[in-house]
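Each chain, letter by letter, is given below.
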Amino acid sequence: MALLLRDQPPAEAEPFVVAALSAGTLLLAEQGSVAERLFEPDRDFLRFTGPAGLLDLLYRHREGGETAGAITGRAALRCAERHGAAARAAEFAALLEAIAGPFLR
């Protein structure tokens, strides 16, 4: 399991979220964290509000289980689709095209 709090700076939190989910780690993210911008709560990671919510998630998923496995599997696939090498290459190609476009006309 990995834990993400809402007060973590986005520059640090974004790579952490992608790395954790890509590795198949169950992410527990506080409501309002950067994970909500990158992925879908309760589908790709589990969201909690406050200490009681965190403890509840920890106890429910401490041994993995089917729910945790389904979430981590979906999240790993989504990471590969959105943040993998192919997705990054496509973004880079689009950026180069946008930059070069005015110079090629």
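Further up the page is the structure itself.
Residues numbered from 1 in each chain as written. Predicted model: local features only at pLDDT ≥ 70, side-chain atom pairs only at ≥ 80, totals over all residues. Heavy atoms only, no water.

Taking 1.5 Å per residue as the helical rise, helix H1 (residues 10–22) with its 13 residues ought to reach 18 Å, and the 18 Å between its terminal C-alpha atoms agrees with that figure. Burial in H1 covers these residues: Ala13, Val17, Val18, Ala20 and Leu21. The buried residues of H1 all sit within an arc of 165 degrees when viewed along its axis, so they share a single face. The outward face of H1, more than 90 degrees from its buried face, is lined by the exposed residues Ala11 and Glu12. If you follow the buried residues of H1, they end up packed against strand S1 (2–4), strand S2 (27–30), helix H2 (35–38) and helix H4 (66–83). Gly24 sits one or two residues past H1 and shows a positive phi near 80 degrees. (Helix = DSSP H or I, 4+ residues; strand = E, 2+ residues; numbered from the N terminus. Expected span 1.5 Å × (residues − 1). Buried < 20%, exposed > 50% of the residue type's maximum accessible area, 1.4 Å probe, protein only. Arc of directions from axis to C-beta. Contact = heavy atoms within 4.5 Å.)

With that settled, the discussion passes to the environment of Leu4. Note that Leu4 resides in strand S1. Between the alpha carbons of Leu4 and Leu28 there is a distance of 6.2 Å; along the sequence they are 24 residues apart. Among all residues touching Leu4, those that are not within four sequence positions of it are Ala13, Phe16, Val17, Leu27, Leu28, Ala29, Glu30, Ser33, Val34, Ala35 and Phe48.

Below, the discussion takes up a nonpolar patch on the surface. On the surface, a nonpolar cluster with roughly 410 Å² of combined accessible area is contributed by Met1, Leu55, Leu58 and Tyr59. Tracing the backbone through its elements, the reader meets Tyr59 in helix H3 (residues 50–61). (Patch = residues over 30% accessible without salt bridge, like charges linked within 9 Å, V, L, I, M, F, W, Y side chains within 5 Å. Areas by Shrake-Rupley, 256 points an atom, 1.4 Å probe, with all protein chains shown as cover. Salt bridge = Lys/Arg side-chain N within 4 Å of Asp/Glu carboxyl O.)

An order of S1-S2-S3 is seen for the 3 strands of this open sheet, with the pairing classed as parallel. In this open sheet, the two edge strands, each paired with only one partner strand, are S1 and strand S3 (46–48). Going from strand to strand, the sheet's axes swing by 25 degrees on average, the running direction of each strand aside. On top of the sheet, H1 reaches S1 and S2; it is set at about 155 degrees to S1, its chief contact. (Pairing = 2+ DSSP bridges. Axes fitted to C-alpha atoms, helices over the stretch in contact; angles between N-to-C directions.)

Let us now look at the packing of H1 against H4. One can describe the packing of H1 onto H4 by two numbers: an axis separation of 8 Å at closest approach and a directional angle of 125 degrees. Judged by the angle between their axes, H1 and H4 are oblique. Contact residues: Val18, Leu21 and Ser22 in H1; Ala75, Ala76, Cys79 and His83 in H4. Partitioning the contact of H1 with H4 into residue classes produces 5 nonpolar, 2 polar and no charged. (Parallel < 35°, antiparallel > 145°, perpendicular 65-115°, else oblique. Nonpolar A, V, L, I, M, F, W, Y, C, P; charged D, E, K, R; others polar.)

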